[in-house]
Amino acid sequence: MDRSSEIREFLRTRRARVTPEQAGLAPHGGARRVPGLRREEVAQLAGVSVDYYIRLERGRTQGVSESVLEAVARALHLDDTERAHLFDLAQPTATRTRRKRPLAPQRVHPVLYRTLDSLSVPAVVQGRRTDVLAANRLAHALYADFEARPRRERNFARFVFLDEAARSLYADWNQVAGDCLAMLRLYAGRHPDDPQLTELIGELSLHSDTFRRMWADHDVQAHTSGTKRLHHPLVGDLTLDYVVLAVEGDPEQTLVIYTPEPASPSAEALNILDSWTSTSAATEQPAPAQTPDPAD
């Protein structure tokens, strides 16, 4: 990913969303040629020269100070996640060079596998690029059997944008797609040189017009909790709250746990799904090998 174009498009889309009135600027007469703020207005709000801000928006960030980035973030009304993304994009080239060594493969700790198996609700361990590193039986039944797929396809972004089953599963597919893409964009700011990320973005852009359009918005978001509404082909409608927990030892692994409201129709539907998958799993287990007859 080209860092200069990422900074340019991120800042351009952010200033397009802030009106002069929101920024506290006096209204000017006449039609405006651009939506949101002009470059010179951002420069005025940030307390820097217009030329300096233009250089920043063009990706020339060598030597830019944290105080300037903070001022730009305030001028553009960036939230904490967007601010962190700006700082990631604007890091000096020397720092980027030090980070270009290959990323080590992610491993799930055995204790985490046992934790997944012990939970009576769906749970997933998610890694870089929205990769699905592990999931318990109920999560596979709820979403998809990721373990049955080739390793490169065990990825939520691929599932959401390229699997038709996802469109019928998620009642709010557009929101889910936007959230998934915003998490991927946030990761891209931290690891622009990740070749697997480049491959993933290329594949999604090639096969999904929706991804291509939404990717151009440059939205970023970090999720810690929320609600998913689903229509499961076996048990019908479910509303599940989720919480995202950091995994100690790997800041880019998270444990995502989905829970229904107690004694709700969703809780009953999840119990039915649990019972059905338990029965299916027991039925599909191979019969124990028989001891050969000595006469054979």
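Residues numbered from 1 in each chain as written. Predicted model: local features only at pLDDT ≥ 70, side-chain atom pairs only at ≥ 80, totals over all residues. Heavy atoms only, no water.

A. Inspection of the confidence of the model for the protein at higher detail. Of the residues in the protein, 89% reach a pLDDT of 70 or more, and the chain-wide mean stands at 88. The least confident element of the protein, judged by mean pLDDT, is helix 6 (residues 93–98) at 46; the most confident is strand 1 (residues 123–126) at 97. Note that pLDDT drops below 50 for residues 286–296; the model gives that stretch zero contacts with residues more than four away or on any other chain. (pLDDT = per-residue confidence, 0-100. Helix = DSSP H or I, 4+ residues; strand = E, 2+ residues; numbered from the N terminus. Contact = heavy atoms within 4.5 Å.)

B. Structural view of the nonpolar core. In terms of nonpolar packing, the biggest core is built from 54 residues, with Tyr143, Phe156, Phe159, Phe161 and Tyr170 touching the most fellow members. No other element matches helix 11 (residues 173–190), which puts eight residues into this core. Among residues more than four places away in sequence, those in contact with phenylalanine 161 are Trp173, Ala177, Leu181, Leu204, Ser208, Thr210, Phe211 and Met214. Ala46, Val48, Val64 and Val72 belong to the second-largest nonpolar core, a separate cluster that totals 28 residues. (Core = buried A, V, L, I, M, F, W, Y, C linked by side-chain atoms within 4.5 Å. Buried < 20%, exposed > 50% of the residue type's maximum accessible area, 1.4 Å probe, protein only.)

C. Geometry of the pairing of strand 3 (residues 225–232). In this structure, strand 3 lies alongside strand 4 (residues 236–247), joined through eight bridges in antiparallel fashion. Pairing of histidine 231 across the sheet is with aspartate 237, part of strand 4. In textbook terms, the turn of a hairpin is the stretch between consecutive antiparallel strands, and for strand 3 and strand 4 this stretch comprises three residues. (Pairing = 2+ DSSP bridges.)

D. Examining the pattern of salt bridges more closely. Across all of its chains, the model carries 21 salt bridges by this definition. Put simply, arginine 185 and glutamate 6 hold a salt bridge, and the shortest N to O gap is 2.4 Å. One end of the pair, arginine 185, is in helix 11; the other, glutamate 6, is in helix 1 (residues 3–15), with 179 residues separating them in the sequence. Neither residue differs from the other here; arginine 185 and glutamate 6 are each classed as buried. With a closest N to O distance of 2.8 Å, aspartate 163 and arginine 149 form a salt bridge. Taken together, the residues aspartate 163 in the loop between helix 9 (156–162) and helix 10 (164–169) and arginine 149 in the loop between helix 8 (137–142) and helix 9 connect sequence positions 14 residues apart. Through salt bridges that share partners, Arg14, Arg17, Glu82 and Asp219 make up one connected network. (Salt bridge = Lys/Arg side-chain N within 4 Å of Asp/Glu carboxyl O.)

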